[in-house]
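# A closer look at the structure
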Amino acid sequence: MKQFNNWEKAKEDARHMGASSQLPVGGYVAKIKDVRFEKGQDGNSDRIVVAFDIAEGDYKDFFQTQFNNNTSEDKKWKGKATIYCPKDDGSEKDQWTQKSFMRWVNAFEDSNSGYKWDWVESKWKSLLIGLVYGETGTIIEGKPIVYTEVHYPAAIESIRNNDFKLPKLKKKNGYDDSSSTSDASSDNGFVNVPDNVAEELPF
Amino acid sequence: MTNFEIEACLQSMTVLVDPRENPKTDRYEQRVNSLSVPYRRQTLCYGDYTYNFTMPDGMELYPPSVTVSAPVIVERKMNLEELSSCFTQQRDRFQAEFKRASDNNAIIYLLVEDASWEKIIAGHYNTKFKPAAFIASLLGWSARYSIRLIFCKHEVSGKLIKELLYRELKQKLERGDYG
């Protein structure tokens, strides 16, 4: 057989074919790459956006590899999570936000020997944390899609010991169990998260 | 810079507008409003528009008090009449401005509103500048000063100015021009 053109490139490209563009449901040890505090606008909560990459296991450097392989002009780092800051207004919703926030703080403290939360979120950069990925269903432009994202943080030892619960499907924007993703799904049952969804979530 | 620092720099991008851009017109209002990023009027050594942004250390690239010699500028002309006047009555001033930019190795975008090659070739503008001379000047200057020429409708010039500056800034950040 005659060698075809661009053999080396085609061979390399084939390595990435079929590779999911999303992190599968499961637990991961991650390293924080960047932390950004965003002031809440129009009465919304302040939020901390963390960018991370997988630090251990089969999916190590998943987001860096994905970022490097992305040829789009305005590519975004996909490994992100948003932590809402309590408003301290005594509301029931705020109490839930406080608990959620403390879950992150505890996960950081439990995952990094000697680290204590001191209200300086920028110190999270380079820390390790456990992250549990789960499915989220939503409706985008009338179409139901399912993608994976961080559902909750955990101590890294819990992840390493497989001592965590896989989360249930999270439903947003009117997504329900009768919603079918068959039209929008790719081969692996998921869809690429459109950029506007990524925007809506963390960065 | 990391890709996260680059993203933060791009998110902080603002536009500097030279004070010679007349603010008392509807078109000006429409233009600066469609930039879709904050803008500030600040003296530029050459050109009408350039970018500014906040560096990772929290400092602005160009503090408010400085006169800016920018590496990328957009020189805007409101129509072919204004452009032809720059090549005729105001040629010396126009040339001096482009030379300053060129001497500083600046990337120059010449954005001419409500213009097209077809209009120039057909002489559809209200001056006595001959089409052949107009084309010769425009292309001659483009070659001499490496001008990137853009024609557009005035309704979209604000959006284009912002996009041009954003793309140039992004390239420079990714190339490491700002550390």
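The structure presented is a predicted model; accordingly, all values stated were derived computationally and were not measured. (Residues numbered from 1 in each chain as written. Chains lettered and ligands numbered in written order. Predicted model: local features only at pLDDT ≥ 70, side-chain atom pairs only at ≥ 80, totals over all residues. Heavy atoms only, no water.)

## What about the overall build of chain B?
Quick reminder of the rule: Runs of E in the DSSP output that reach at least two residues are strands. Runs of H or I that reach at least four are helices, and both are numbered from the N terminus. Here the radius of gyration uses the C-alpha set of atoms, whereas the globule reference equals 2.2 Å times the residue count to the power 0.38.
The number of helices and strands found in chain B is seven helices and six strands. Each helix (α) and strand (β) of chain B, taken in turn from the N terminus, gives the series α-β-α-β-β-β-α-α-β-α-α-β-α. Over its C-alpha trace chain B gives a radius of gyration of 17 Å, about what one expects of a compact globule, namely 16 Å for 179 residues. If you line up chain B on its principal axes, its C-alpha atoms span 55 × 35 × 30 Å.

## Examining the overall build of chain A
As a reminder, the rule being used: Throughout, exposure labels follow a simple rule: accessible area from a 1.4 Å probe, protein chains only, divided by the maximum for the residue type, with under 20% read as buried, over 50% as exposed, and the rest as partly exposed. By definition, residues are in contact when any of their heavy atoms lie within 4.5 Å. Residue burial considers only the protein chains on display, and all accessible areas are found by Shrake-Rupley using a 1.4 Å probe.
A count of helices and strands for chain A gives five helices and six strands. Seen in sequence order, chain A has helices and strands lined up from the N terminus as α-β-β-α-β-α-β-β-α-β-α. Every one of the 203 residues in chain A was classed for burial, and the buried ones make up 40%. Contacts in chain A between residues at least 24 apart in sequence constitute 62% of all its contacts with a sequence separation of at least 6. Roughly 12,300 Å² of accessible area belongs to chain A as shown, and the carbon and sulfur atoms make up 47% of that amount.

## Some thoughts on the packing of helix α1 (residues 3–11) of chain B against helix α7 (residues 157–175) of chain B
All names here are of chain B. Stated formally: Angles shown run from 0 to 180 degrees and are taken between the N-to-C directions of axes, each axis being a line fitted to C-alpha atoms and, for helices, limited to the stretch in contact. Oblique is the label for any angle not under 35 degrees, not over 145, and not in the 65 to 115 range, which are roughly parallel, roughly antiparallel and roughly perpendicular in turn. Crossing handedness: left-handed means the near helix sits turned counterclockwise from the far one by under a right angle, and right-handed means the same turn made clockwise. All amino acids are sorted into three groups, where Ala, Val, Leu, Ile, Met, Phe, Trp, Tyr, Cys and Pro are nonpolar, Asp, Glu, Lys and Arg are charged, and the leftover types, Gly among them, are polar.
Relative to each other, α1 and α7 sit at 155 degrees, their axes nearing to 10 Å. Put simply, α1 runs roughly antiparallel to α7. Between α1 and α7 lies a crossing whose hand is right-handed. The residues of α7 that touch α1, namely those facing Ile-6, Cys-9 and Leu-10, are Tyr-166, Leu-169, Lys-170, Leu-173 and Glu-174. Classifying every residue of the contact of α1 with α7 by side-chain character gives six nonpolar, no polar and two charged.

## Comments concerning the interface of chain A and chain B
The criterion, for reference: Accessible area, probed at 1.4 Å, shrinks when two parts are joined; the buried area is that loss added up over both. By definition here, a salt bridge exists when the distance from a side-chain nitrogen of Lys or Arg to a carboxyl oxygen of Asp or Glu is within 4 Å. Two N or O atoms form a polar contact when they lie within 3.5 Å of each other; inside protein one atom must be a possible hydrogen donor and the other a possible acceptor, and for residues adjacent in sequence the pair counts only when both atoms belong to side chains.
Contacts between chain A and chain B engage 10 residues on the former and eight residues on the latter. When the buried surface of chain A facing chain B is broken down by residue, Arg-36, Glu-73 and Asp-74 of chain A rank first, second and third, together holding 48% of it. Where chain A packs against chain B, one counts two salt bridges. Applying the counting criterion to the chain A and chain B interface returns three residue pairs in polar contact (both at pLDDT 80 or more).

## Some points on the pairing of strand β4 (residues 128–140) of chain A
All names here are of chain A. Using the following cut-off: Between any two strands, at least two bridges found by DSSP are needed for them to pair.
Judged by how many residues are buried, β4 sits mostly within the fold: 10 of 13 residues are covered. Bridging between strand β1 (residues 26–38) and β4 involves six bridges; their strand directions are antiparallel. Within β4, the residue paired with Gly-27 across the bridge is Val-132. With 11 bridges joining them, β4 and strand β5 (residues 143–154) adopt antiparallel strand pairing. Counted as the bridge partner of Gly-134 is Glu-149 from β5. Pairing between β4 and strand β6 (residues 170–171): two bridges, direction parallel. Paired with Thr-136 across the strands is Lys-170, a residue of β6.

## A look at the packing of aromatic side chains
Aromatic ring pairs: the centre-centre distance and the angle between the two ring planes describe each pair. Note the cut-off: In this scheme Phe, Tyr and Trp rings, the latter by its six-membered ring, pair at centre separations within 6.5 Å, and the angle between planes marks the pair as stacked below 30 degrees, edge-to-face above 60, and tilted otherwise. For a Lys NZ or an Arg CZ to count as sitting over a ring, it must be within 6 Å of the ring centre and within 35 degrees of the ring normal.
A complete count under the given rule lists 29 aromatic pairs over all chains for this structure. Between Phe-108 of chain A and Trp-124 of chain A the ring centres are 4.4 Å apart and the planes differ by 20 degrees, which places this aromatic pair in the stacked class. You can see Phe-108 of chain A sitting in helix α3 (residues 92–111) and its partner Trp-124 of chain A sitting in the loop between α3 and β4, a full 16 residues away along the chain. Accessibility classification places Phe-108 of chain A together with Trp-124 of chain A in one group, the buried group. Here Phe-87 of chain B and Phe-94 of chain B contribute two aromatic rings whose centre-to-centre distance is 5.7 Å and whose plane-to-plane angle is 80 degrees, an arrangement assigned as edge-to-face. Above the ring of Phe-67 of chain A, the side-chain terminus of Lys-75 of chain A is found at 4.4 Å from the ring centroid.

## Some points on the environment of Asp-26 of chain B
One can find Asp-26 of chain B in helix α2 (residues 26–33). Between the alpha carbons of Asp-26 of chain B and Asp-103 of chain B there is a distance of 34 Å; along the sequence they are 77 residues apart.

## Description of the pattern of salt bridges
Residue and element names in this part refer to chain B. One pass over the full model with this rule turns up 28 salt bridges over all chains. Across the pair Lys-170 and Glu-174 runs a salt bridge whose closest N-O atoms are separated by 3.0 Å. Of this pair, Lys-170 and Glu-174 both sit in helix α7, separated by four residues, roughly a single helical turn. For Lys-170, a relative accessible area of 9% corresponds to the buried category. Overall, Glu-174 belongs to the partly exposed group, its relative accessible area being 44%. Of the charged contacts in the structure, one is a salt bridge between Lys-172 and Asp-177, with a shortest N-O distance of 3.6 Å.

## Focus: the side chain of Glu-75 of chain B
Position of Glu-75 of chain B relative to the elements: it lies in strand β4 (residues 72–77). When near neighbours in sequence (up to four residues on either side) are disregarded, Glu-75 of chain B contacts Gly-47, Asp-48, Phe-94, Glu-97, Phe-98, Tyr-109, Leu-110 and Leu-111 of chain B.

## Topic: helix α2 (residues 62–69) of chain A
The criterion, for reference: Directions are taken from the helix axis to each C-beta atom, and the arc is the one they span.
Buried residues of α2 of chain A: Phe-62, Phe-63, Gln-66 and Phe-67 of chain A, and no others. Within α2 of chain A, the buried residues cover an arc of 125 degrees as seen down the axis, which keeps them to one side. Packed against the buried residues of α2 of chain A are β2 (47–54) and β4 of chain A together with α1 of chain B.

## Looking at a nonpolar patch on the surface
All names here are of chain A. For the record, the criterion: Two joining distances apply to patches: 9 Å for like charges and 5 Å for nonpolar side chains (Val, Leu, Ile, Met, Phe, Trp, Tyr), and every residue must have over 30% relative accessible area and no salt bridge.
Together, Met-1, Phe-4 and Trp-7 make up a nonpolar patch on the protein surface, roughly 400 Å² of accessible area in all. Tracing the backbone shows Met-1 in the segment before α1 (7–16). With a relative accessible area of 95%, Met-1 lands in the exposed category.

## Topic: the side chain of Glu-149 of chain A
Its location among the elements puts Glu-149 of chain A in strand β5. Among the polar contacts listed, one links the side chain of Glu-149 of chain A to the side chain of Thr-136 of chain A, at a separation of 2.6 Å.

## Details of the confidence of the model for chain B
For residues with low pLDDT, the predicted coordinates do not support detailed interpretation. Rules: pLDDT measures how confident the predictor is about each residue, on a scale from 0 to 100.
Residues with a pLDDT of 70 or more make up 100% of chain B, whose mean pLDDT is 96. ipTM for the predicted complex: 0.76, alongside a pTM of 0.81.

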